[in-house]
Amino acid sequence: ASKYMYGLPAVFLLPFLLVRARRVGPVAAFVAVGAATFVAAHPGLWNQPWTLITQTLAFHREFATEHPAPWWHPLALMGHLSHDDYHASFFRFGSILDRAFLLFAVLGLPRTAARQPLWFTWALVSVAFLLIWPTKWAHYQLLAVPPLAMCASSGVGTLFSTLRSRSLERGVKP
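Residues numbered from 1 in each chain as written. Predicted model: local features only at pLDDT ≥ 70, side-chain atom pairs only at ≥ 80, totals over all residues. Heavy atoms only, no water.

It is worth spelling out the overall build of the chain at this point. Within the chain, the secondary structure is distributed over eight helices and zero strands. Start at the N end of the chain and walk to the C end: the helices and strands fall as α-α-α-α-α-α-α-α. For the chain, the proportion of its 174 residues judged to be buried stands at 26%. Residue pairs in contact within the chain that sit at least 24 positions apart in sequence constitute 70% of those at least 6 positions apart. On the chain, roughly 11700 Å² of surface is accessible, and the fraction owed to carbon and sulfur atoms is 70%. (Helix = DSSP H or I, 4+ residues; strand = E, 2+ residues; numbered from the N terminus. Buried < 20%, exposed > 50% of the residue type's maximum accessible area, 1.4 Å probe, protein only. Contact = heavy atoms within 4.5 Å. Areas by Shrake-Rupley, 256 points an atom, 1.4 Å probe, with all protein chains shown as cover.)

Structure follows, in structure tokens:
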């Protein structure tokens, strides 16, 4: 509960839930249970919540000043999700897969936007957040991996659909 940023998906998923819900009551109940659980699991918020949140933001601002990283650093990390310097020779193949994952995710963005707007929104908001947030730690990429995985699956679908339609244009049966 101390990793506030992992609550970010809840903020932008809530409008999608409200639009699709037949009744607001169950959604409100889930939001209340989630908020209560978050506060209960984070005793630091019990006494002085605004002070703790302010100190957390100040820490990240100070850390980013002392250990600067370029704004595009999260994109570099996404292209190398299996980052592990100690096992670099073992993970060379993983690095290729990570870059393919990112390529397919980008390729799948239009299809995901059309067919699964929730996943598209999550992908855009999480990547934008990672680019804007001053602290560029590698584990923050976990925020963007689930929606990017959905976009990557759409990218694979887009690639196969394109290849199939081109082969049909040439008269080649799939």
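Read on for the rest.
Core analysis: the largest hydrophobic core is formed by 20 residues, its most contacted members being Met5, Met78, Phe129, Leu130, Ala144 and Leu148. Among the elements that make up this core, the one with the highest residue count is helix 7 (residues 117-132) (five residues). Excluding anything up to four places from it in sequence, Ala144 contacts Met78, Ser126, Val127 and Leu130. (Core = buried A, V, L, I, M, F, W, Y, C linked by side-chain atoms within 4.5 Å.)

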